[in-house]
Amino acid sequence: MRGTINGGFYRRSQPEESVRFTVLVGDIRATMAKVEAAGGRVLGDPGELPGVGLFVNVVDTEGNVVQLNQDFAVGASARAGPARDLTVS
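As a starting point, this report considers the structure included with it. This is a predicted model, so every value here is computed, not measured.

1. A few points about the overall build of the protein chain
Then comes step 1: Each helix and strand in the protein chain was counted, giving two helices and four strands.
Then comes step 2: Counted from the first residue to the last, the protein chain has its helices and strands arranged as β-α-β-β-β-α.
Then comes step 3: Expressed as a percentage of the 89 residues in the protein chain, the buried residues total 24%.
Then comes step 4: Contacts spanning at least 24 positions in sequence make up 42% of the contacts within the protein chain whose residues lie at least 6 apart.
Then comes step 5: Approximately 6800 Å² of the protein chain is accessible, and the part contributed by carbon and sulfur atoms is 53%.

Here it is as structure tokens:
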């Protein structure tokens, strides 16, 4: 759904746990390539949640873990608005 944020809060069970962000992207493999080109790391291959979409974790150059999601239900019209693919510069 365009313009909404989904997520949850929980207590840390380990001191090294941190905030995790999820970014909706139009093309997960193209975004993975952008992350690597900018010096980040991709943690494995995309997984599929059947009927929902693809997901993969990446690590930026400062060590932050971000989950990339390519949602099967989000059409091109939703991606054409203000929310765009992750831009790595």
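Okay, back to it.
2. Focus on the nonpolar core
Note that soluble globular proteins tend to have their nonpolar side chains buried in a common cluster.
Then comes step 1: By size, the foremost hydrophobic cluster in this structure holds ten residues: Val-25, Ile-28, Met-32, Val-35, Val-42, Leu-54, Val-56, Val-58, Val-66 and Leu-68.
Then comes step 2: Elements supplying a minimum of two residues to this core: helix 1 (28–37), strand 3 (53–59) and strand 4 (65–71).
Then comes step 3: Excluding residues that lie within four positions of it along the chain, Leu-54 makes contacts with Ile-28, Pro-46, Gly-47, Glu-48, Leu-68, Asn-69, Gln-70 and Phe-72.

3. A short note on helix 1
Then comes step 1: Turning to helix 1, its buried residues are Ile-28, Thr-31, Met-32 and Val-35. For helix 1, the buried positions fall inside an angular range of 105° around the axis, keeping them on one side. The exposed residues of helix 1 that point more than 90 degrees off its buried face are Arg-29 and Ala-37.
Then comes step 2: Residues of helix 1 that are buried sit in contact with strand 2 (41–49), strand 3 and strand 4.
Then comes step 3: For helix 1, the side-chain oxygen to backbone nitrogen distance between the N-cap and Arg-29 is 3.2 Å, and the N-cap itself is Asp-27.
Then comes step 4: A positive phi of about 100° marks Gly-39, the residue just after helix 1.

4. A look at the environment of Val-56
Then comes step 1: Along the chain, Val-56 turns up in strand 3.
Then comes step 2: Since its relative accessible area comes to 2%, Val-56 is described here as buried.
Then comes step 3: In this structure, Val-56 is in contact with Ile-28, Met-32, Val-42, Leu-43, Gly-44, Asp-45, Pro-46, Val-66, Gln-67 and Leu-68, ignoring residues within four places of it in sequence.

Procedures and definitions
- Residues numbered from 1 in each chain as written.
- Predicted model: local features only at pLDDT ≥ 70, side-chain atom pairs only at ≥ 80, totals over all residues.
- Heavy atoms only, no water.
- Helix = DSSP H or I, 4+ residues; strand = E, 2+ residues; numbered from the N terminus.
- Buried < 20%, exposed > 50% of the residue type's maximum accessible area, 1.4 Å probe, protein only.
- Contact = heavy atoms within 4.5 Å.
- Areas by Shrake-Rupley, 256 points an atom, 1.4 Å probe, with all protein chains shown as cover.
- Core = buried A, V, L, I, M, F, W, Y, C linked by side-chain atoms within 4.5 Å.
- Arc of directions from axis to C-beta.
- Polar contact = N/O pair within 3.5 Å; in protein donor to acceptor, adjacent residues only side chain to side chain.

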